[in-house]
Amino acid sequence: MRIRLSSSRGKEAGFTLVEMAVGLAVGMFLLVTTTQFLSHTVGVVTKLNVQRDIRDQGMMAVETIERGFRAALEYGGVFTLPSGLEIVAKDKALNPTHTVTIKMITAQNAIELNIDGEVNRFPNSSGLLARNFSYDCIEKDGKTKVIVVSFELGDGGRDIWRAFKAAFSTALAKQS
């Protein structure tokens, strides 16, 4: 009597060892690919969030410096730069109402702006740093005509940096 293997196998349910191995390999490939994609996406989103924070902090710093500079020069006051250079409003120098001082705090990697006793530090969010703070005074006929303040904000751990500059006309001022 002859036994038919195919008929006895047809009654059994399940997968062969080869089918299981191929299924597991395909499943593992899909799992690894999906994990890598999600990991990359999280990294990109994190980097974009850091760049947004840097941009926001930098724009806020420039706007705050500009507000202090304008208040000192338009409403009377003194704007002091790190070297001790002071820019004073021409017509209101006898009774300055606004005092603005800007300096770099190296130990904290921050720019400090003191406007009438109110201290603002940039960056003010954790993880961000300030570096390369500088200013240039553009002079004509021995008088400061334009002040250019520049600095960089960034995340040192991710090596993401962005430069910021602000220029101010001192037409309403005199140098003391």
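Here the structure is a predicted model, which is why all the values come from computation and not from measurement.

(A) Main features of the nonpolar core. One finds Ile54, Ile65, Phe79, Ile102, Val149 and Phe151 to be the most contacted residues of the largest nonpolar core, which totals 29 residues. At eight residues, helix 2 (residues 17-74) tops the list of elements feeding residues into this core. Leave out the neighbours within four places in its chain, and isoleucine 54 touches Leu128, Leu153, Gly154, Asp155, Ile160, Arg162 and Phe164.

(B) View of a nonpolar patch on the surface. Taken together, the side chains of Val18, Val22, Val26, Phe29 and Leu30 present a nonpolar region at the surface, about 510 Å² in accessible area. The residue leucine 30 is located in helix 2 in this model. When its relative accessible area of 51% is taken as the criterion, leucine 30 is described as exposed.

(C) Spatial organisation of the packing of aromatic side chains. Enumeration according to the criterion identifies three aromatic pairs in this entry. Aromatic side chains phenylalanine 151 and phenylalanine 164 sit 5.6 Å apart centroid to centroid with 20 degrees between the ring planes, which places their arrangement in the stacked category. Taken together, the residues phenylalanine 151 in strand 7 (residues 143-155) and phenylalanine 164 in strand 8 (residues 160-169) connect sequence positions 13 residues apart. As far as burial versus exposure is concerned, phenylalanine 151 and phenylalanine 164 are alike and both buried. One aromatic cluster is present, formed by Phe69, Phe79 and Phe168 through successive ring pairs. Of note, arginine 131 hangs over the ring of tryptophan 161, and the distance from its end group to the ring centre comes to 3.7 Å.

(D) Looking closely at the pattern of salt bridges. Tallied over the entire structure, the rule returns seven salt bridges. Where glutamate 66 meets arginine 70, a salt bridge forms, and the shortest distance between an N and an O atom there is 3.7 Å. A residue pair is termed a helical-turn pair when its members lie 3 or 4 positions apart in one helix, as glutamate 66 and arginine 70 do in helix 2 at four residues. On the basis of relative accessible area, glutamate 66 is assigned to the partly exposed category, the value being 32%. Look at arginine 70 and you get partly exposed, because its relative accessible area is 30%. Close ionic contact of arginine 131 with glutamate 152 constitutes a salt bridge, the shortest N to O distance being 2.6 Å. With a gap of 21 residues between them, arginine 131 in strand 6 (residues 129-140) and glutamate 152 in strand 7 connect regions that are remote in the sequence. Take arginine 131: its relative accessible area is 32%, and that puts it in the partly exposed class. On the basis of relative accessible area, glutamate 152 is assigned to the buried category, the value being 19%.

(E) Helix 2, seen in detail. Between its first and last C-alpha, helix 2 extends 84 Å over 58 residues, near the 86 Å set by a 1.5 Å rise per residue. Residue glycine 76 follows helix 2 closely and has a positive phi angle near 100 degrees.

(F) Structural view of unusual backbone geometry. Of the consecutive residues phenylalanine 122 and proline 123, the connecting peptide bond is found in the cis state with omega at -5 degrees. A positive phi is found at aspartate 116, a non-glycine position, where the angle reads about 50 degrees. Mapped onto the elements, aspartate 116 comes out in the loop between strand 4 (110-115) and strand 5 (118-122). In the Ramachandran plot, aspartate 159 falls in the positive-phi region, its phi being about 55 degrees despite a non-glycine side chain. Secondary-structure assignment places aspartate 159 in the loop between strand 7 and strand 8.

(G) Up close: the sheet that holds strand 6. Spatially, 6-7-8 is the arrangement adopted by the three strands of the open sheet, whose pairing is antiparallel. Only two strands of the sheet have a single neighbouring strand rather than two, namely strand 6 and strand 8. Adjacent strand axes in the sheet meet at a mean angle of 15 degrees, parallel and antiparallel pairs treated alike. In this structure, strand 6 lies alongside strand 7, joined through 10 bridges in antiparallel fashion. Opposite alanine 130, over in strand 7, you have leucine 153 as the bridge partner. Here helix 2 sits on the sheet in contact with strand 7 and strand 8, set at roughly 15 degrees to strand 8.

Calculation rules
- Residues numbered from 1 in each chain as written.
- Predicted model: local features only at pLDDT ≥ 70, side-chain atom pairs only at ≥ 80, totals over all residues.
- Heavy atoms only, no water.
- Core = buried A, V, L, I, M, F, W, Y, C linked by side-chain atoms within 4.5 Å.
- Buried < 20%, exposed > 50% of the residue type's maximum accessible area, 1.4 Å probe, protein only.
- Helix = DSSP H or I, 4+ residues; strand = E, 2+ residues; numbered from the N terminus.
- Contact = heavy atoms within 4.5 Å.
- Patch = residues over 30% accessible without salt bridge, like charges linked within 9 Å, V, L, I, M, F, W, Y side chains within 5 Å.
- Areas by Shrake-Rupley, 256 points an atom, 1.4 Å probe, with all protein chains shown as cover.
- Salt bridge = Lys/Arg side-chain N within 4 Å of Asp/Glu carboxyl O.
- Phe/Tyr/Trp six-rings, centres within 6.5 Å; stacked < 30°, edge-to-face > 60°.
- Lys NZ or Arg CZ within 6 Å of the ring centre and 35° of its normal.
- Expected span 1.5 Å × (residues − 1).
- Pairing = 2+ DSSP bridges.
- Axes fitted to C-alpha atoms, helices over the stretch in contact; angles between N-to-C directions.

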